[in-house]
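# Structure at a glance
Next come the chains, spelled out residue by residue.
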Amino acid sequence: MHKQSVLTRSIRTILFAGVSSALFAVPASAQDQQQEGADDQERVERVQVTGSRIARPELSQAAPLLVIGEEEIERFGTPDLGSMLAELPAIGATDTVIGNRESGASAGVSSADLRRLGAARTLVLINGKRHVAGEPGSAQVDLSSIPSSMIKRVEVVTGGASAIYGSDAVSGVVNVILKDDYEGLELSVTGSGSTEGVGAKAHQFTILGGGDFLNGRGNATFFMTQTRLQETLENDIRQFERWGTVLNPEDTGRLDGIPDRIYAKNVGSEMINRFGVINPFGGGPRYTFGANGDPVLQQTRDLDNSFAFGSFPDGCDTCFFGQDYVNYQPELRRETVGSTLNFRINDSAELYGDFKYSRADIEQQFQPSFRFGNISIDVENNAFIDEQLRQELLDNGQSTVSMAKFFDEWGNRTADNKRQTFRVVSGVKGALDIGSTLLDYDLYYSYGETSNTRKTLNSIVPGNFVAAVNSEIDPETGDAVCADPSQASVNPQNCVPYNPFGFGQASQDAIDYVSADVTRSDTITQEYVGASFVTDTRGFLELPAGYIDVAFGFEYREETSETITDEFTRRGLTANAATPNEYADYDVSEAFVEVNVPLLADVAFAKELSVDAAFRKADYSHAGKADAWKVGVVYAPVDDIRFRGTLGKAVRAPNITEAFSPQSPGFANVSDPCDADNINQNPNRASNCAALGIPEGFQANDNVSVDLISGGNPNLTAEESDSMTFGVVYTPSFIENFSITADLYDIEISDAITFIAAQTVVDNCVDSEGGPSDTFCTQVTRDPQSNDISLVQSGYLNAAALNTRGVEVDINYRTDLVRFDLPGVLQTNLFINHLLELESFEFQDQPDLNNDERGEVGDPEWQARLSVTYALDNLSTNWSARYIDRSALFDVTPRLESYENVSPNYIGSLVTHDLSANYNVSDNFSVNAGIRNVFDKTPPGYTGNALYDLVGRRFFAGVKYTF
């Protein structure tokens, strides 16, 4: 391809230029080498610092920086980095392995959602560089592909950082720093599991080795890890007791002081089950069956949840409960191998490279295939129906009856994912003597690829099922046969009659005829080349406080995403709509510059005053040009206190799915706003529906799904965010090793890319002022005779807005207890987040229609984490506590006044405690162990939000041996 050749030539040129300049550099004098040795450490810090390409101490940065070290990572007792980060108050749990437990495409994927603005708006870096995505069409990195045992530390920067790192850093950056430059051989094993019989086991085995070569000029490091997560179903979670809401029989109306709904156990449906239900919606006696196909009258519900669901206080063996089929944690088996290489060519250049290959098998469970009332049984002629039931139905005037059934006898619709990730990074870095100063440089290239093959088992083939269930007795042979094989969509000549009554009564040949396994293959690639340079104005410009630091560079990146489906899927032969193959790509060219200007230092009322600024210009092949910038200030009037703040604009370009997903057919459930029951929910509806020709008193037939056509939008532009942070850092000189930081953050995203739901399209058609909306009504098609909605067209738009604001406090203290005549060292950390605002607007031009999420489950107003570590000789012990504030189970948006919607309406505040210890048995052997959630505190069973510890008390342990 032409693009590939351009990139290949760029790579060749940049690497040749870098190596050539290094090889032909003039050796420095002994004095210069000493100075260069001092600069070497500075160069290392510049490579690893997050939030800036210019090195500086953590507390002297303008933007808040949160650091999680190796020891703290061990204390989480889990191999999944995404789950660890979700326990931090700044990061949501939406896209962790647990949060994605009901997603097919995201099965086993774990991503970071900083500030709860969406994982797509959090940029994840590995050693300061981008990583290929883990999901098709997206930029979200799968953190579970990074072995936790290989992590040196994780750095999290709040606020827009697109000026430094480019697109996607809207809410911030997570930079994972891995171990490298290792000498020796290390074996480590960790494992964890519930102490309460829940399961949820996990283990990780790691081999890490490395050594120097050529008299220390180079180092090679390799690692291999194996990770396993045990499959755990929601039924294994003790507090999950099939909770749901039911209508409160004592309720007298809206806002009457009585909850509209109440939570109840065993909320399920008597209208469908694994045995089959005759007359699920009425019209005759509702029968179900025993496993052998004998009919029994179905149980009745106590209280209503909805038309199809209700409560069964004493349980119901012949009802459907969704919890019975859902994963809490999928089965995951992963192997990862990798290596790093560093070689110092001379004093001015170092070659480096690293690669990683990860292979994961993930098995995700979903509900079996089903038919909800749209199985038609020919009572008179069906070959399998119980004779007594046949006669009763015919006597009741029912020659044809409807039936509903979950096909448990086929097995779950298990999604078997085989995911592979490959990534390589190579480059040359160093420092060149340019007169009286140095020019640090980093010339780099990376290629990454993620491929996933997902086989979904036991999908129904509706056309074949219709033909197979329409059975009769062949008068010549006396055998059951298909009454009309032509109804089948695949191989009608091979039709096999299907017995739907009971459990396991259908033959295997019949099951094979009406079901199919479907396969989807996804491939994502990322390739980029770039260069960054850091220098200062030493030699030609010195301010009273020092030299100006300058960083600049460029990057060129290509991203592709491809999805290939099997013929069954492309032709729409299963219950899902026909899905075409997809392929799309884009490229982006970027240039950036950053400066740090020290204005004042060591003068009265200005121990430090510095300003930093950054600007990045990007040109996307699919979204046009986008600019990002940032300005930061650090001011310390005295040694003990400094103020810091940033202002900036960040961008996120549309990903491949949002921009290029082909227009594909599907289905959607909508409630017709012109229906008589809905027409008064908006003051504009009645007149607008009349203008569309909808008669007064119209009753819509909207119990069935409508056709949907949806896909990407090639006209999307980049999202923009305005971010601000302002904070204070206090490091009192009279308390050694003590610091407290307090920072306000404020992020506002405009032109946010959002998928416009089908319901939103049909509502906005008739809710607009001044007549039906030309924009939305053209996307709604109604049947000319019945006036029912028959088709909705939808997709992505730059239409939404999101805002968040809060305050974070980070307190650190470390003291040697010898000053108190006690042995050991005590170290404490307290991190607090107070959420002041979190709201979204589906349409940014409708500011009155906000959705307030602050204080809802998943977004508590207050979160805190306390860690206390005591170390004595070879022993280190830790106590940690985590606090989650009381959270609402209803929509807290004030205008909706929905606080009476449900009872209980809050999840109470929750505090969990962890204990752990690490002991160095010898110089090369250590053990660690701990208990998470010591007092076994879990939330009530009517929330399954992944922010909470739903498993309860569990134990973890690990050993590490070095050679």
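Quick look at the structure, then. Predicted, not measured: the structure shown is a model, and the values here were computed from it.

On to unusual backbone geometry, then. The amide bond that connects Ser903 to the next residue, Pro904, takes the cis arrangement and shows omega of -5°. Tracing the backbone shows Pro904 in the loop between β45 (902–903) and β46 (906–907). You will see that Ala200, though not glycine, has its phi angle at about 55°, which is positive. Residue Ala200 is classed as buried on the basis of its relative accessible area of 12%. Backbone geometry at Asp936 places phi at a positive 55°, although glycine is not the residue there. Relative to the helices and strands, Asp936 is located in the loop between β48 (925–932) and β49 (954–962).

To continue, consider the sheet that holds strand β5 (residues 129–130). What the five strands build is an open sheet, ordered β1-β6-β7-β4-β5; its pairing is mixed. Lying at the two open borders of the sheet, with one neighbouring strand each, are β1 (65–69) and β5.

Using the criterion set out here, one finds four disulfides in the structure. The partner cysteine of Cys674 in its disulfide is Cys689, sulfur to sulfur 2.0 Å. Because the sign of the S-S torsion sets the handedness, a value of about -85° for the bond joining Cys674 and Cys689 places this disulfide among the left-handed ones. Remark: Cys689 occurs in helix α11 (residues 685–691) and Cys674 occurs in the loop between β34 (664–668) and α11; sequence separation between them is 15 residues. Just as Cys674 is buried, Cys689 falls in that class too. Linked covalently through their sulfurs, Cys765 and Cys777 form a disulfide whose S-S length is 2.0 Å. Handedness of the Cys765-Cys777 disulfide follows from its S-S torsion of about 95°: it is right-handed. Here Cys765, found in helix α12 (residues 758–767), pairs with Cys777, found in helix α13 (residues 774–777); they are twelve residues apart in sequence, far enough to count as distant. Cys765 gets classed as buried once you look at its relative accessible area, which sits at 5%.

Following the criterion strictly, the structure yields 56 salt bridges and no others. In this structure, the salt-bridge partner of Asp304 is Arg301, at a minimum N-O distance of 3.0 Å. For Asp304, a relative accessible area of 36% translates into the label partly exposed. The partner of Asp639 in a salt bridge is Lys607, with the nearest N and O atoms 3.6 Å apart. Here Asp639 is found in the loop between β32 (624–638) and β33 (641–652), whereas its partner Lys607 is found in strand β31 (residues 606–620), with 32 residues between them in sequence.

Take the packing of aromatic side chains next. Inspection of every chain in the model, using the stated rule, returns 26 aromatic pairs. Ring centres of Phe312 and Phe321 lie 6.5 Å apart, and the angle between their planes is 85°; this geometry places the pair in the edge-to-face category. Overall, the relative accessible area of 2% leaves Phe321 in the buried class. For the ring pair Phe320 and Phe406, a centre distance of 4.3 Å and an interplane angle of 15° mean the geometry is stacked. Of this pair, Phe320 sits in the loop between β18 (310–311) and β19 (327–329) while Phe406 sits in strand β23 (residues 400–406); the two residues are 86 residues apart in sequence, bridging distant segments of the chain. The same class applies to Phe320 as to Phe406, namely buried. Pairwise contacts between aromatic rings join Phe309, Phe320, Tyr325, Phe370 and Phe406 into one cluster. Against the face of Tyr444 rests Lys129, its NZ or CZ located 4.8 Å from the ring centre.

Before going further, it helps to examine the sheet that holds strand β12 (residues 244–247). The strand order across the open sheet built from three strands is β12-β13-β45, with neighbouring strands paired in mixed fashion. Strands with a single pairing partner mark the edges of an open sheet, and in this sheet they are β12 and β45. Strand direction decides the pairing type here: strand β13 (residues 261–264) and β45, joined by two bridges, are parallel. In the strand pairing of β45, Ile262 is matched with Ser903.

Our next topic: the nonpolar core. Formed by 29 residues in total, the largest nonpolar core has its most connected members in Ile278, Phe465 and Tyr498. Listed by contribution, the elements that provide at least two residues to this core are β16 (287–289), β22 (370–378), α6 (387–395), β23, α7 (462–469) and α8 (508–514). Ranked by size, the runner-up nonpolar core spans 24 residues in total, among them Leu81, Ala90, Ala112 and Leu143.

Rules and cut-offs
- Residues numbered from 1 in each chain as written.
- Predicted model: local features only at pLDDT ≥ 70, side-chain atom pairs only at ≥ 80, totals over all residues.
- Heavy atoms only, no water.
- Helix = DSSP H or I, 4+ residues; strand = E, 2+ residues; numbered from the N terminus.
- Buried < 20%, exposed > 50% of the residue type's maximum accessible area, 1.4 Å probe, protein only.
- Pairing = 2+ DSSP bridges.
- Disulfide = S-S within 2.5 Å.
- Salt bridge = Lys/Arg side-chain N within 4 Å of Asp/Glu carboxyl O.
- Phe/Tyr/Trp six-rings, centres within 6.5 Å; stacked < 30°, edge-to-face > 60°.
- Lys NZ or Arg CZ within 6 Å of the ring centre and 35° of its normal.
- Core = buried A, V, L, I, M, F, W, Y, C linked by side-chain atoms within 4.5 Å.

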